[in-house]
Amino acid sequence: MSEVCINLEKIKNTVPGSVKILAVSKTKPVEIILEAYNCGQRLFAENKVQELELKFQQLPEDIEWHMIGHLQTNKVKYIAPFVKMIHSVDSLKLLEVINKEAIKNKRSIPFLFQMYIASEESKFGLSIEELENILQSSEYKEFKNIIPSGLMGMASFTSNEALIKKEFAQIKHQFDYLKDKYFKFNPEFCELSIGMSADYHLAVEYGSTIVRIGSSIFGSRK
Ligand SMILES: *Cc1c(COP(=O)(O)O)cnc(C)c1O
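Here goes a summary of the coordinates provided.

Quick notes on the rules
Residues numbered from 1 in each chain as written. Predicted model: local features only at pLDDT ≥ 70, side-chain atom pairs only at ≥ 80, totals over all residues. Heavy atoms only, no water. Helix = DSSP H or I, 4+ residues; strand = E, 2+ residues; numbered from the N terminus. Rg over C-alpha atoms; globule rule 2.2 N^0.38 Å. Buried < 20%, exposed > 50% of the residue type's maximum accessible area, 1.4 Å probe, protein only. Contact = heavy atoms within 4.5 Å. Lys, Arg positive; Asp, Glu negative; His and termini not counted. Charge placed at Lys NZ, Arg CZ, Asp CG, Glu CD. Pairing = 2+ DSSP bridges. Salt bridge = Lys/Arg side-chain N within 4 Å of Asp/Glu carboxyl O. Phe/Tyr/Trp six-rings, centres within 6.5 Å; stacked < 30°, edge-to-face > 60°. Lys NZ or Arg CZ within 6 Å of the ring centre and 35° of its normal.

### Quick look at the overall build of the chain
Here's step 1: If you tally the helices and strands in the chain, you get ten helices and eight strands.
Here's step 2: Relative to the globule expectation of 17 Å for 222 residues, the C-alpha radius of gyration of the chain, 17 Å, shows essentially globular dimensions.
Here's step 3: The dimensions of the chain, computed from C-alpha atoms along their principal axes, are 55 × 45 × 30 Å.
Here's step 4: Out of the 222 residues in the chain, the part that is buried amounts to 49%.
Here's step 5: In the chain, of all internal contacts separated by at least 6 residues, the share reaching a separation of at least 24 is 58%.
Here's step 6: Each charge sign in the chain was given a centre, from 28 positive and 28 negative side chains, and these centres are 3 Å apart.

What follows is the structure, encoded as structure tokens:
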């Protein structure tokens, strides 16, 4: 068995079967991605539009591609035809464009709101106030081709476990609050995308339904 497969098996054996494992393949060549594919992995994620598009074209059709990186409005059109889920929605403007491109492609696009939970400086992600402003806006209510599917967050890059726990607890609390207040009758609003190689065990304890794992599957990136 290849090293990639061994790594995947190890991870699968340590998270509940209901948790989706996203293999974060950014910077990795298609041959390595195929190794994971050949041992059964079907969910992959990239953080750059161009790389995502290229890999989609080169790899088997039954891969589900997730976009996890910051997304510029002018690039949505390249991934709108095929992307399975966009994890990084952080503005009303971006949603408007995703909705428009979804209509052009005669589909609906599932997405997550990216929340700003880290205590360290980070450029991207919404506060709960910003998100509620979006949800309550008249524009948002007009978007019919987007599927709000939950929240995404990145904890601080730190070895301070207590801090990571605090941030995960915060986003889990936000999820429960939003679910109750806005999405009670939206069964698709059910995903919490938290947890990466270093902290996915903790993330699962805090209700993560999707973990985004790169280096623990494919090895470290240059
Ligand atoms: C790169 C990346 C990951 C995976 O990071 P690892 O530490 O390699 O598991 C997860 N989420 C996002 C948004 C990323 O950019």
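Picking up after the structure, the text goes on.
### Here's the deal with the pairing of strand β1 (residues 20-24)
Consecutive residues of a regular strand have side chains that alternate between opposite faces of the sheet.
Here's step 1: The element β1 is extensively covered by neighbouring structure, given that four of its five residues are classed as buried.
Here's step 2: Direction of pairing for β1 relative to strand β8 (residues 210-213): parallel, over a ladder of four bridges. Residue pairing across strands places Ile 21 opposite Val 211, the latter belonging to β8.
Here's step 3: Note: β1 against strand β2 (residues 43-46), two bridges, orientation parallel. When the bridges of β2 are listed, Val 24 appears paired with Ala 45.

### What about the pattern of salt bridges?
Here's step 1: With the rule as written, the count across this model stands at ten salt bridges.
Here's step 2: As a salt-bridge pair, Lys 104 and Glu 101 come within 3.2 Å of each other at their nearest N and O atoms. Taken together, the residues span about one helical turn, with Lys 104 and Glu 101 both in helix α5 (residues 92-104) at a distance of three residues.
Here's step 3: According to the relative accessible area criterion, Glu 101 is buried, its value standing at 7%.
Here's step 4: Here the residues in one salt-bridge network are Glu 46, Glu 51 and Lys 55, joined through shared partners.

### Focus on the packing of aromatic side chains
Here's step 1: Under the defined criterion, the tally for this structure stands at nine aromatic pairs.
Here's step 2: Their ring planes at 75 degrees and their centres at 6.4 Å tell us that Tyr 140 and Phe 143 sit as a pair that is edge-to-face.
Here's step 3: On the accessibility criterion, Tyr 140 (11% relative accessible area) is buried.
Here's step 4: Centroid distance Tyr 182 to Phe 183: 6.4 Å. Interplanar angle 50 degrees. Geometry classified as tilted.
Here's step 5: What makes Tyr 182 partly exposed here is its relative accessible area of 22%.
Here's step 6: Cluster of aromatic residues (ring-pair linked, three or more members): Phe 111, Phe 113, Tyr 140 and Phe 143.
Here's step 7: Sitting over the ring of Tyr 37, Arg 42 keeps its end group 3.6 Å from the ring centre.

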